[in-house]
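What the coordinates show
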Amino acid sequence: MRRGERRAHGGNVGKAALEEQQQPPAPPPPPAQPNGGAPGAERNGAGPRRSTESEVYDDGTNTFFWRAHTLTVLFILTCALGYVTLLEETPQDTAYNTKRGIVASILVFLCFGVTQAKDGPFSRPHPAYWRFWLCVSVVYELFLIFILFQTVQDGRQFMKYIDPHLGVPLPERDYGGNCLIYDPGNGTDPFHNIWDKLDGFVPAHFFGWYLKTLMIRDWWMCMIISVMFEFLEYSLEHQLPNFSECWWDHWIMDVILCNGLGIYCGMKTLSWLSLKTYKWQGLWNIPTYKGKMKRIVFQFTPYSWVKFEWKPASSLRRWLAVCGIIFVFLLAELNTFYLKFVLWMPPEHYLVLLRLVFFVNVGGVAMREIYDFMDDPKFHKKLGQQAWLVAAITATEFLIVVKYDPYTLTLSLPFYITQCWILGIILVLTWTAWRFFIRDITLRYKEIRRQKQEHRHEKDKCLSNGDGHSALLDEPNGNKLRERKL
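Residues numbered from 1 in each chain as written. Predicted model: local features only at pLDDT ≥ 70, side-chain atom pairs only at ≥ 80, totals over all residues. Heavy atoms only, no water.

Further remarks concern the overall build of the chain. Helices and strands together make up the secondary structure of the chain, namely 16 helices and 2 strands. Here the chain holds 486 residues, and 33% of them are scored as buried. Long-range contacts, defined here as pairs at least 24 residues apart, represent 72% of the contacts in the chain between residues at least 6 apart. When the accessible area of the chain is evaluated, it comes to approximately 31,100 Å², of which 67% is carbon and sulfur surface. (Helix = DSSP H or I, 4+ residues; strand = E, 2+ residues; numbered from the N terminus. Buried < 20%, exposed > 50% of the residue type's maximum accessible area, 1.4 Å probe, protein only. Contact = heavy atoms within 4.5 Å. Areas by Shrake-Rupley, 256 points an atom, 1.4 Å probe, with all protein chains shown as cover.)

As a further point, take the nonpolar core. In this structure, Ile 216, Phe 243, Trp 310, Ile 325 and Phe 358 are the most contacted members of the largest nonpolar core, which totals 52 residues. At the level of secondary structure, the elements contributing two or more residues to this core comprise α4 (127–148), α7 (201–216), α8 (219–236), α11 (316–342), α12 (350–375) and α13 (385–404). At 10 residues, α11 tops the list of elements feeding residues into this core. Among residues more than four places away in sequence, those in contact with Ile 216 are Met 221, Cys 222, Ile 225, Phe 308, Trp 310, Phe 329 and Met 367. (Core = buried A, V, L, I, M, F, W, Y, C linked by side-chain atoms within 4.5 Å.)

Before going further, it helps to spend a moment on the pattern of salt bridges. Between side chains of opposite charge, a pair can form when the charged atoms approach closely. Under the criterion given, the structure shown has 9 salt bridges. The closest approach of N and O atoms between Glu 88 and Arg 100, which form a salt bridge, is 2.6 Å. Placement of the pair is Glu 88 in the loop between α2 (70–86) and α3 (94–116) and Arg 100 in helix α3, with a sequence separation of 12 residues. Among the ionic pairs, Glu 447 bridges to Arg 450, the shortest N-O distance being 2.4 Å. Taken together, the residues Glu 447 and Arg 450, both in helix α15 (residues 415–461) and 3 residues apart, mark about one turn of the helix. (Salt bridge = Lys/Arg side-chain N within 4 Å of Asp/Glu carboxyl O.)

A word on a nonpolar patch on the surface. A cluster of nonpolar side chains, contributed by Ile 181, Tyr 182, Phe 191, Trp 195, Leu 198, Trp 247, Ile 252, Ile 256 and Leu 257, occupies part of the molecular surface with about 910 Å² of accessible area. Broken down by element, the residue count for the nonpolar patch peaks at 4 residues, all from helix α9 (residues 247–275). For Tyr 182, the position within the fold is in the loop between α5 (152–162) and α6 (192–197). Relative accessible area serves as the criterion here: at 47%, Tyr 182 is assigned to the partly exposed category. (Patch = residues over 30% accessible without salt bridge, like charges linked within 9 Å, V, L, I, M, F, W, Y side chains within 5 Å.)

Once that is clear, we can look at unusual backbone geometry. Between Arg 124 and the following residue, Pro 125, the backbone shows a cis peptide bond with an omega angle of 0 degrees. Checked against the element boundaries, Pro 125 lands in the loop between α3 and α4. The phi dihedral of Lys 311 falls on the positive side, at around 50 degrees, and the residue is not glycine. Tracing the backbone through its elements, the reader meets Lys 311 in the loop between α10 (289–298) and α11.

Summed over the entire model, instances satisfying the criterion amount to 25 aromatic pairs. Measuring from ring centre to ring centre gives 5.0 Å for Trp 219 and Trp 220, while their planes differ by 85 degrees; the resulting arrangement is edge-to-face. Taking the centre distance of 5.5 Å and the plane angle of 65 degrees together, the rings of Phe 231 and Trp 251 count as edge-to-face. Here Phe 231 is found in helix α8, whereas its partner Trp 251 is found in helix α9, with 20 residues between them in sequence. Judged by relative accessible area, which is 41%, Phe 231 ranks as partly exposed. Classification of Trp 251 by relative accessible area gives partly exposed; the value is 24%. A cation sits over an aromatic face here: Arg 124 above Trp 280, 4.2 Å from the ring centre. (Phe/Tyr/Trp six-rings, centres within 6.5 Å; stacked < 30°, edge-to-face > 60°. Lys NZ or Arg CZ within 6 Å of the ring centre and 35° of its normal.)

For α12, with 26 residues, the first-to-last C-alpha span of 38 Å sits near the 38 Å given by 1.5 Å per residue. Bending of α12 peaks at approximately 30 degrees at the position of Val 362. (Expected span 1.5 Å × (residues − 1). Bend = angle between axes of the 7 residues up to and from the residue.)

Next up on the list: the environment of Leu 134. Along the chain, the position of Leu 134 falls in helix α4. Looking at Leu 134, the relative accessible area reads 9%, which means it is buried. Placed 256 residues apart in sequence, Leu 134 and Val 390 show a C-alpha to C-alpha distance of 9.7 Å. Apart from residues lying up to four places away in sequence, Leu 134 is in contact with Ala 117, Lys 118, Gln 385, Gln 386 and Leu 389.

One way to put it is that α8 packs onto α11 with a least axis distance of 10 Å and a crossing angle of 45 degrees. Considered as vectors, α8 and α11 are oriented oblique to each other. Read as a crossing pair, α8 and α11 show a hand that is right-handed. Counted together, Met 221, Ile 224, Ile 225, Met 228, Phe 229, Leu 232 and Leu 236 of α8 and Val 322, Ile 325, Ile 326, Phe 329, Leu 330, Glu 333, Leu 334, Phe 337 and Tyr 338 of α11 form the full contact between these two elements. Of the residues belonging to the contact of α8 with α11, the class tally is 15 nonpolar, no polar and 1 charged. (Axes fitted to C-alpha atoms, helices over the stretch in contact; angles between N-to-C directions. Parallel < 35°, antiparallel > 145°, perpendicular 65-115°, else oblique. Left-handed = near helix turned anticlockwise from the far one by under 90°. Nonpolar A, V, L, I, M, F, W, Y, C, P; charged D, E, K, R; others polar.)

Bringing the side chain of Thr 394 into the picture now. Within the secondary structure layout, Thr 394 lies in helix α13. When near neighbours in sequence (up to four residues on either side) are disregarded, Thr 394 contacts Val 328, Leu 331, Ala 332, Asn 335 and Phe 359.

This is the structure:
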């Protein structure tokens, strides 16, 4: 090194050393997350932690389980396609090849989505799990759109390609029947009506409402949706025969026992999740086998927790949003029964169960994205991708029902049912107008009137001169005279 360069280099080092002495020490970096993101991975890695969000401690261990495997998936997918192309003989069955080609196309799309789609608000048990259900949502929405564009006869017969037993009209069933709790005419078993209702749908109701409570995270909203759906069953039993149930089946078995018990257990689980300490360690950093097993089990619990505070009466925007959520929930529940009716699917068919499993997995993500969009609009400036798809799926299902059986939907409601719904809608609209318009205008008027009265009282109290000048107006002149004397 030359002398001039050495002098210049030494001078720069000295200047840098002085600057380093003058600058305060930098704050320590935040701990890394197991998926390589920033703290608060449940909030998409940015933004301050809300008061309703739990605090998370993470040692930042990044194992093979959490790393991206895009090249591995691409290599396996290419090998599978190469095996089918080069080593497997293509059958001469057009229908079979068509089915297999559609299934292969869906699998390739799922592989792409699981490795490349954007992460949602959840990261446990693994972000790829929730990306998978996001891609399934896209596939299901495309399937519904395809069904929507078919004729009624072609759409029903298309279901035979999925299951040959479908595409057949459903047999008539008697759902109401004898509603006596104690039937004295039956000497062998007077309570046979109760035992007949205790079928597989009882635990389905319980677990369904337990999971819905975990999605909504609010006792009042769950009870409103539960009671409202029973009123909808009363109102629409002239359209669908399976809505015709006994009164004790509606209110005792459904609302109180199945739904109520599921909501109660769900609220207890929410209370435990809100009090739980979210401290995460890498599996290989835990010394005991018991701790490792506990860590594996807790991998299927949330990474962090956010308590939902819907506050529907706080503003008109939140009130309309909560009403919209309840409406979409009820519409999705009704679609379950109407789709079975118009597409000729028996209630015990596996496609009905798969649809419920699908909504269980996507519903929680959608509700979290809706809550973030409502609660923190500055950070979440658009509706989440899963919430958007769930809303689109619910609307498309309803449009299929409208197209495939408009006669059933246009059956007029009984007169007393119409009167009850009109009265309920009038009460809701009246309360909305009073709470967010009339009440605010009245409170604003009272506040302005109170301020004017206080101002008038202060003005009368401060009058000290005969000419009506206030002492408050003379204070600036007095202060100027004091300043001149000083």
